[in-house]
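Letter by letter, the chains look like this.
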Amino acid sequence: MLRLFQSLKYIWVALILYLTLSQGGGSGWFEFLKYPGVDKIGHFGLFFVWALLYFPELVVPETLLINEKPVRFWIVATNSLVLGILIEIAQSFIPYRSSEWLDLLADVLGSATALLAVNFVRRKKSNLN
């Protein structure tokens, strides 16, 4: 089961890269809403889901690491920040894309919200045991 989640993380990163770097990638996904900044919702959601994929124990309890240190939280936070920065740098060199710091903020907020949700669920589960 852990391998499935590991694979899903990489597939999700490929999806993020496709949607943020390709010409037609994410342009039509939120087109129906027609207001400025709606792409931030997409950035937030993509990074939210990606961060959750680091925590398979939320779905499969037997994958919980016993006495785990908060290292995984820092790994997720660092990975999302680095990926967001690299995407924005890459977009600045792509003619049909634009680099926006608010996209990076949406990426980081998506991951941070997921980490807060994971922490909340873990505390609730530990209180039940």
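Above this text sits the structure in question.
Here's what I pulled together on the structure shown here. In this text, all values refer to a predicted model and were calculated from it rather than measured experimentally.

A few words on the pattern of salt bridges. Applying the stated criterion to the full structure yields three salt bridges. One salt bridge in this structure joins K40 and D39, with 3.1 Å as the shortest N-O distance. Judged by its relative accessible area of 30%, D39 is partly exposed. D103 is the salt-bridge partner of K40, the closest N and O atoms lying 2.8 Å from each other. Of this pair, K40 sits in helix α2 (residues 39–52) while D103 sits in helix α4 (residues 101–128), placing them 63 residues apart in sequence. No difference in accessibility class separates K40 from D103, as the two residues are buried.

Further remarks concern the side chain of Q91. For Q91, the position within the fold is in helix α3 (residues 71–93). Judged by relative accessible area, which is 2%, Q91 ranks as buried.

Reading the values: the criteria
Residues numbered from 1 in each chain as written. Predicted model: local features only at pLDDT ≥ 70, side-chain atom pairs only at ≥ 80, totals over all residues. Heavy atoms only, no water. Salt bridge = Lys/Arg side-chain N within 4 Å of Asp/Glu carboxyl O. Buried < 20%, exposed > 50% of the residue type's maximum accessible area, 1.4 Å probe, protein only. Helix = DSSP H or I, 4+ residues; strand = E, 2+ residues; numbered from the N terminus.

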